[in-house]
Amino acid sequence: MAVIDRRTGREIPESGFGGGALDFLYGNVFGRILLKYVAAAPWFSRWQGRRRDRPESKDDIPPFLEENRIDLADGGFGPGWHLDEFATFNAFFARQRDYDAYFAALRENGLLADVSSEPAELPAVADARLSVWPVGPDLAVPVKQSVYTLKELVGPRAHDIDLAPFEGGHCLVFRLGVDDYHRYVFPDSGRLVRRYCIPGELHTVRPVSERYRVYARNARSVSVLDTDHFGPLLTVEVGAMLVGHIVEHPLPTITFDALQEKGYFEFGGSTVLLVTGPDIAVDPDLLAASGRGDEVRVRLGEPVGRKGKAS
């Protein structure tokens, strides 16, 4: 599996952060014991989170930037950030963009999805490595080496949700690495139908954990959306190792705007699953890459599909 930069077409290296430790945890018996009782346990992530809230944790930022090749200029899309802005490591990790400037820069470069166009363009909801998988009969989703059902993904309240509109659609898997911006947005304007959290474990979402069926075992936040341009959408935010919390912003009303910030992840890699109905066509380059087993690096706000069935 390779990660391909969508803008250059070049393969980009996966962040090496934690790679050796993950191989140990998932690759031998003693490591799996530690995984079960320590590393994937929510208490461990909460402890790590408190440590990264201390003022001295800001000393960890410069080596983290260097190790993971993080660009505080944000690629030149908007004003970016300055190192002296961050009082703690967690403040750095949960840094927030100036969205007006960021989206204006994307628009100027012809890279911003136009949700109100005809046909409406579906935006990426996060900076991430994106893969796309079909929602087949019986609501089965074959993600890499595992097959999930939508009922598994949304958890024990599946009987309260009408999942039929998603059969024949797609599950877009936005996998965030530690080097990504860790906030995510609503893909369209619309109405929040329901939202709830599912407690669970916190396995890494990197490929080494595929046998653990992490999208059905990890802590999750589930939202059912009724959107203005794309109809019913389902989002599932998935916590991951060292992600002690998925922070979903409260809504003053049940309505939201396109590209409005929906929430953010605390430290660690994480995933947003976006499930569509069959009347949304995902861009062919993304489908082709997923067919090869590759992921594509996308940026928040750029188009990844559009209203209308694929030809």
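Heads up: the structure comes first, above all this text.
In what follows, the accompanying structure is described. (Residues numbered from 1 in each chain as written. Predicted model: local features only at pLDDT ≥ 70, side-chain atom pairs only at ≥ 80, totals over all residues. Heavy atoms only, no water.)

### Describing the environment of Arg191
1) Next: With respect to the helices and strands, the residue Arg191 is situated in strand β9 (residues 190-198).
2) Next: Sequence separation between Arg191 and Thr227 is 36 residues, and the spatial gap between their C-alpha atoms is 6.3 Å.
3) Next: Not counting residues within four places of it along the chain, the set of residues in contact with Arg191 comprises Val224, Leu225, Asp226, Ile254, Thr255 and Phe256. (Helix = DSSP H or I, 4+ residues; strand = E, 2+ residues; numbered from the N terminus. Contact = heavy atoms within 4.5 Å.)

### Regarding helix α6 (residues 99-108)
1) Next: What α6 keeps buried is the set Tyr99, Tyr102, Phe103, Ala105 and Leu106. In an axial view of α6, the angular spread of the buried residues amounts to 155°, which keeps them on one side of the axis. Exposed residues lying more than 90 degrees from the buried face of α6 are Asp100, Arg107 and Glu108.
2) Next: The inward-facing, buried residues of α6 abut β8 (183-185) and β14 (261-265).
3) Next: Within two residues after α6, Gly110 carries a phi angle of roughly 70°, on the positive side. (Buried < 20%, exposed > 50% of the residue type's maximum accessible area, 1.4 Å probe, protein only. Arc of directions from axis to C-beta.)

### Some words on the pairing of strand β10 (residues 220-227)
1) Next: Most of β10 is tucked away, with seven of its eight residues classed as buried.
2) Next: Strand direction decides the pairing type here: β9 and β10, joined by eight bridges, are antiparallel. Bridge pairing links Cys197 to Ser221 in β10.
3) Next: Summarising the sheet, β10 and strand β11 (residues 231-238) pair through eight bridges and their orientation is antiparallel. Pairing of Val222 across the sheet is with Val236, part of β11.
4) Next: Here β10 hands over to β11 after three residues, the two strands then running antiparallel side by side. (Pairing = 2+ DSSP bridges.)

### Description of the sheet that holds strand β15 (residues 270-275)
1) Next: Strand order in this open sheet of 10 strands is β2-β1-β17-β4-β7-β15-β11-β10-β9-β13, and the pairing throughout is mixed. Each edge of the open sheet carries a strand with a single partner, namely β2 (11-12) and β13 (255-256).
2) Next: The pairing of strand β1 (residues 3-5) with β2 spans two bridges and is classified as antiparallel. Paired with Ile4 across the two strands is Glu11, which belongs to β2.

### Quick look at the nonpolar core
1) Next: Within the largest apolar cluster, 54 residues are counted, with the highest numbers of intra-cluster contacts made by Phe92, Leu172 and Phe174.
2) Next: Element by element, the count of residues in this core is highest for α6, at five residues.
3) Next: When neighbours within four sequence positions are excluded, Phe174 is seen to be in contact with Ala124, Val125, Ala126, Ala128, Arg129, Leu130, Ser270, Thr271, Val272, Leu274 and Val298.
4) Next: By size, the runner-up hydrophobic cluster in this structure holds 25 residues, among which are Leu150, Ala158, Ile161 and Leu234. (Core = buried A, V, L, I, M, F, W, Y, C linked by side-chain atoms within 4.5 Å.)

### Quick word on helix α9 (residues 284-291)
1) Next: Every buried residue of α9 is accounted for by Leu286, Ala289 and Ser290. Buried residues of α9 fall within an arc of 95° about the axis and therefore sit on the same side. Exposed and facing more than 90 degrees away from the buried side of α9 are Pro284 and Gly291.
2) Next: Where the residues of α9 are buried, they touch β4 (128-134), β16 (280-282), β17 (295-298) and β18 (303-307).

### Side note on the packing of aromatic side chains
Centre-to-centre distance and the angle between the planes together describe a pair of aromatic rings.
1) Next: Following the criterion strictly, the structure yields 11 aromatic pairs and no others.
2) Next: Measuring from ring centre to ring centre gives 5.2 Å for Phe64 and Phe89, while their planes differ by 90°; the resulting arrangement is edge-to-face. Here the residue Phe64 occupies a position in helix α4 (residues 61-68), and Phe89 occupies one in helix α5 (residues 89-93), the gap between them amounting to 25 residues. For the pair Phe64 and Phe89, one class covers both residues: buried.
3) Next: Seen from their ring centres, Tyr99 and Phe103 are 5.6 Å apart, and the 20° between their planes marks the pair as stacked. You can see Tyr99 and its partner Phe103 sitting in helix α6, four residues apart, about one turn around the helix. As far as the burial class goes, Tyr99 and Phe103 line up, both buried.
4) Next: In this structure an aromatic cluster arises from ring pairing among Phe64, Phe86, Phe89, Phe92 and Phe93.
5) Next: The ring of Tyr181 has Arg97 sitting right over it, with the charged end atom 4.1 Å from the ring centre.
6) Next: Residue placement shows Arg183 over the ring face of Tyr264; its charged tip is 4.2 Å from the ring centre. (Phe/Tyr/Trp six-rings, centres within 6.5 Å; stacked < 30°, edge-to-face > 60°. Lys NZ or Arg CZ within 6 Å of the ring centre and 35° of its normal.)

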